[in-house]
Amino acid sequence: MTEAMEYDVVVVGAGPVGENVADRARSAGLSVAIVESELVGGECSYWACMPSKALLRPVIARADARKVPGLRAAVQGPLDVPAVLANRDAFTSNWKDDGQVEWVNGIGADLHRGHGRLAGTKRVGVTTPEGREVVLTARHAVAVCTGSRAAVPGLPGVAGAGVWTSREATSSPRVPDRLVVVGAGVVGSEMATAYQALGSKVTLLIRGGRPLPGMEPFAGELVADALTEAGAVVRTNSSAASVERDGDEGPVTVVLETGERIEADEVLFATGRAPRSEDIGLETVGLTPGQWLDVDDSLRVDGHDWLYAVGDINHRALLTHQGKYQARVAGDAIAARAQGVPLLETDRWGMHAATADHAAVTQVVFTDPEVASVGPTLEQAERAGLRVRAVDQDMGAVAGAALYADGYTGRARMIVDLDREIVVGMTFAGPGAGELLQSAAVAVAGEVPIDRLWHAVPPYPTISEVWLRLLEAYRG
Ligand SMILES: Cc1cc2nc3c(=O)[nH]c(=O)nc-3n(C[C@H](O)[C@H](O)[C@H](O)COP(=O)(O)OP(=O)(O)OC[C@H]3O[C@@H](n4cnc5c(N)ncnc54)[C@H](O)[C@@H]3O)c2cc1C
Ligand SMILES: NC(=O)c1ccc[n+]([C@@H]2O[C@H](COP(=O)([O-])OP(=O)(O)OC[C@H]3O[C@@H](n4cnc5c(N)ncnc54)[C@H](O)[C@@H]3O)[C@@H](O)[C@H]2O)c1
């Protein structure tokens, strides 16, 4: 027998984004059901942000410490791998979601465990783990927050070779002796950095000319140099053509397009993401299964006034903080529409428009060195038709950087919109760069005029003084 329940809002997927849509809608007094088929907290908590950063934190801290005179000698030893893995396990709560379930209960939303599928307008069917069917009807809105999964290319041999994706790389109880990483986007670069420092002999296969192809070229070059210096083999213009595993437990061989064979204990495919939308009932509302969902700036799916798609699933910016930002915008828009507010603030930078998704996406890549960026790169800004100037600065040239690390190597690039005299993009690549980024995010999202930034005086002696050098270089 099918159970039926009614709520103001039904959220499908309790990752960080679904949780935040639910929270925002609850704060506005709406009743909310949230459906989850795996663990409440989603990819980010268990197989992405948290475990990967727990693996990387000691790696980066040691790399930084090794550059400090007087401290260097004390940190020459290997990492305590069991302790690092145990800390990673603690950050994932050992892949248990009790704490997050408590949080959902605390905000007063109803959690429905099971696989959710749209079942026509404003309806979601849930197949519970016990095989029951529950139909949830939404009075106002359904928010699809089902996220993304690893996209692995269908190369010969891949299906039966037990290859790693980001899930295995972030949850493995062992550090393989030899690891081939295919793909050097964010996941590939971070996991190559982590595993090389944890004791694997890493070979990084890059299809193009450098890691992190979506970022300023110098960033990827610095990361490639550091990986090579750490002992990894970084191979550019190299593509995997097939994979072979010797038995179930034996070594794995990656065959390159040139025919060359590389043997390893594990191979990680870090080759991008695919939408989790193939089995969520999109066909019942006239949409095509398996696609990313296109949305407007209030996160509403094109052509459906009750359907929202928030977070990775809309492919605007596959980052937890951007997804949570979208969730705040979507939750507020759902609440305003439910209350019959006649006119939403959907103009650029309005309360109901996720404008930062276009103009001020922030990202920190936790490699050694860290890479932090906001807004477009030079190439992206030019492609968007902006009249811009790039200003570059050696981050190592400021006193704060010299104190931070002996021989500090890093570079910053500021992208100035020449017509509006504002900073539209910034990239910092260097030790400690991640914590610098929010200053640039404020400048970019605030569209602060360069003349006013001149009065934002960076404290001495911090790495932030690179701001002053950039502004001096721009103003002449
Ligand atoms: C290795 C790695 C490291 C990362 N590190 C960072 C980082 O440091 N910083 C950062 O900002 N971003 C990082 N990301 C990206 C980040 O993980 C994602 O952007 C974020 O998890 C997206 O959140 P989401 O809620 O949209 O989707 P998800 O976290 O994928 O959550 C979706 C949820 O929906 C559930 N679900 C799916 N289908 C259904 C269904 N039919 N019914 C019910 N439930 C369903 C899933 O089980 C899941 O719990 C990383 C990604 C990876 C792979
Ligand atoms: N610190 C962070 O913020 C963080 C960390 C990890 C992941 N993420 C997010 O997760 C998302 C997924 O990361 P990702 O690294 O999987 O994707 P990505 O799109 O960043 O990189 C995938 C890389 O794989 C390459 N590639 C694709 N197919 C290939 C093939 N057949 N052979 C060789 N190379 C191939 C691509 O050229 C690309 O460089 C990203 O959007 C990222 O923003 C963020």
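Because the structure is a prediction, the values reported are computed rather than measured.

Per the UniProt annotation, the sites labelled "binding site: FAD" (unreviewed entry) are Lys53, Gly116, Thr146, Gly147, Ser148 and Asp312. Over a stretch of 260 residues, the named residues are scattered through the fold, their C-alpha atoms separated by up to 29.9 Å. Take Lys53: it is sitting in helix α3 (residues 49-65). According to the relative accessible area criterion, Lys53 is partly exposed, its value standing at 24%. Every residue in contact with Lys53, bar those within four places of it in the chain, is listed here: Glu190 and Phe366. For Thr146, a relative accessible area of 15% translates into the label buried. Excluding residues that lie within four positions of it along the chain, Thr146 makes contacts with Val12, Arg276, Ile280 and Ile313. Polar side-chain contacts of Thr146 include one of 2.8 Å to the backbone oxygen of Arg276.

Around ligand 1 sit 36 residues, and of these Glu36, Lys53, Gly116, Asp312 and Thr320 come closest. Contacts to ligand 1 include His115, whose side-chain N or O atom sits 3.4 Å from a nitrogen atom. Between Thr320 and ligand 1, the recorded distance is 2.9 Å, taken from a backbone N or O atom to an oxygen atom. The residues that make up the shell around ligand 1 include at least three from each of domain 1 (2-41 + 97-149 + 275-356) and domain 2 (166-273).

Our next topic: the site of ligand 2. Around ligand 2 sit 19 residues, and of these Val187, Glu190, Arg207, Gln363 and Val364 come closest. Here an oxygen atom of ligand 2 sits 2.9 Å away from a polar atom, N or O, in the main chain of Val187. Within the backbone of Ala270, one N or O atom sits 3.4 Å away from an oxygen atom of ligand 2. Surface burial for ligand 2 is 74%, taken as the share of its 840 Å² of free accessible area covered by protein chains. Contributing elements (two or more residues each) for the shell around ligand 2: α7 (186-198) and β17 (362-365). At 3 residues, the largest contribution of residues to the shell around ligand 2 is made by α7. Among the residues forming the shell around ligand 2, the class breakdown is 10 nonpolar, 5 polar and 4 charged.

This part covers the layout of surface pockets. Estimated volume of the second largest pocket: approximately 620 Å³. Around the second largest pocket, the lining is made up of 22 residues, and of these Ala63, Lys67, Ala226, Glu229 and Asp368 lie nearest the centre. For the lining of the second largest pocket, the secondary-structure elements that each account for two or more residues are α3, α7 and α8 (217-229). In the lining of the second largest pocket, the residues fall into 11 nonpolar, 4 polar and 7 charged.

Moving on, we get to the UniProt feature "domain: Pyridine nucleotide-disulphide oxidoreductase dimerisation" (unreviewed entry) in the chain. Following the UniProt record, one finds the feature "domain: Pyridine nucleotide-disulphide oxidoreductase dimerisation" (unreviewed entry) at residues 362-467. Between the C-alpha atoms that bound residues 362-467 there is a distance of 17 Å. The span itself is 25% helix and 28% strand.

Let us now look at the sheet that holds strand β20 (residues 411-417). Taken together, the 5 strands give an open sheet; going across it, the order is β17-β18-β21-β20-β19, and neighbouring strands pair in antiparallel fashion. On the outer flanks of this sheet lie β17 and β19 (388-394), each paired with one strand and no other. Each strand of the sheet is rotated relative to its neighbour by a mean of 15°, with strand direction disregarded. Running over the sheet, helix α13 (residues 437-445) touches β17, β18 (371-374) and β21 (422-429) and is turned about 165° from β21.

Time to look at the domain arrangement of the chain. Reports often express the size of an interface as the amount of accessible area lost when the parts come together. When its domains are assigned, the chain resolves into domain 1 (2-41 + 97-149 + 275-356), domain 2 (166-273) and domain 3 (369-475). The centre of domain 1, based on its C-alpha atoms, is set 36 Å off from the matching centre of domain 3.

A separate point is the side chain of His304. In this fold, His304 is placed in the loop between β15 (273-275) and β16 (307-309). The exposure class assigned to His304 is buried, which follows from its relative accessible area of 15%. Only 2.8 Å separates the side chain of His304 from the backbone oxygen of Val285, close enough to count as a polar contact. Non-local contacts of His304, meaning those with residues more than four positions away in its chain, are made with Val285 and Leu287.

With 13 residues, α7 extends 18 Å from end C-alpha to end C-alpha; this agrees with the ideal 18 Å at 1.5 Å per step. The buried count for α7 comes to 11 of 13 residues, which makes it a mostly enclosed element. Positive backbone phi, at 120°, marks Gly199, one or two positions downstream of α7.

Quick notes on the rules
- Residues numbered from 1 in each chain as written.
- Chains lettered and ligands numbered in written order.
- Predicted model: local features only at pLDDT ≥ 70, side-chain atom pairs only at ≥ 80, totals over all residues.
- Heavy atoms only, no water.
- UniProt positions renumbered as here; feature names shortened; annotations may be inferred.
- Helix = DSSP H or I, 4+ residues; strand = E, 2+ residues; numbered from the N terminus.
- Buried < 20%, exposed > 50% of the residue type's maximum accessible area, 1.4 Å probe, protein only.
- Contact = heavy atoms within 4.5 Å.
- Polar contact = N/O pair within 3.5 Å; in protein donor to acceptor, adjacent residues only side chain to side chain.
- Near = heavy atom within 4 Å.
- Domains from an automatic or database assignment.
- Areas by Shrake-Rupley, 256 points an atom, 1.4 Å probe, with all protein chains shown as cover.
- Nonpolar A, V, L, I, M, F, W, Y, C, P; charged D, E, K, R; others polar.
- 1 Å grid on protein atoms, 1.4 Å probe; cavity = no way out; pocket = protein on both sides within 12 Å on 5 of 7 lines; lining within 4 Å.
- Points joined across faces, edges and corners; volume = space filled by probe spheres on them.
- Pairing = 2+ DSSP bridges.
- Axes fitted to C-alpha atoms, helices over the stretch in contact; angles between N-to-C directions.
- Expected span 1.5 Å × (residues − 1).

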